[in-house]
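An overview of the molecular structure
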Amino acid sequence: GGVGKTHFATQVGHALGERFADGVVFVSLADVEPQQPDAALTLVEDRIAEALGLTGANATRASLLEVLARRNLLLIVDNFEQLVAAAELLQA
């Protein structure tokens, strides 16, 4: 920790942002600590949905995956290592 990974990621996002029609979306998981390992997936889904502007009934996993599939964007997920149990979401 503390070596500048977040700063580096945001700088890369800024530098590459023009290459993505829908820009760059930064999702911070720094303050997310699931009480149970299986809660990690839901927490990550919620944070990504929120960053993409999905709320309420639009914030389902299916709608999140649909939005991600049709957008051309760079998704930067910071501090994901503490929620690695949610990796299956990003494999979709």
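Reference entry: report on the structure contained in this document. Just so it is clear, the structure is predicted and the values come from calculations on it, not from any experiment. (Residues numbered from 1 in each chain as written. Predicted model: local features only at pLDDT ≥ 70, side-chain atom pairs only at ≥ 80, totals over all residues. Heavy atoms only, no water.)

**Quick look at the overall build of the protein**
Within the protein one finds four helices and two strands. Within the protein, contacts between residues at least 6 apart in sequence are counted, and of these 65% link residues at least 24 apart. With the model as given, the accessible surface of the protein reaches about 6000 Å², and the carbon-plus-sulfur share is 51%. (Helix = DSSP H or I, 4+ residues; strand = E, 2+ residues; numbered from the N terminus. Contact = heavy atoms within 4.5 Å. Areas by Shrake-Rupley, 256 points an atom, 1.4 Å probe, with all protein chains shown as cover.)

**A look at unusual backbone geometry**
Residue Asn 79 is not a glycine yet carries a positive backbone phi of 70 degrees. Structurally, Asn 79 is set in the loop between strand E2 (74-78) and helix H4 (87-91).

**Notes on the pattern of salt bridges**
According to the stated counting rule, one finds three salt bridges in the structure shown. Of the charged contacts in the structure, one is a salt bridge between Arg 47 and Asp 31, with a shortest N-O distance of 2.9 Å. Taken together, the residues span a long stretch of sequence, with Arg 47 in helix H2 (residues 40-51) and Asp 31 in the loop between strand E1 (24-28) and H2 at a distance of 16 residues. Classification of Asp 31 by relative accessible area gives exposed; the value is 56%. (Salt bridge = Lys/Arg side-chain N within 4 Å of Asp/Glu carboxyl O. Buried < 20%, exposed > 50% of the residue type's maximum accessible area, 1.4 Å probe, protein only.)

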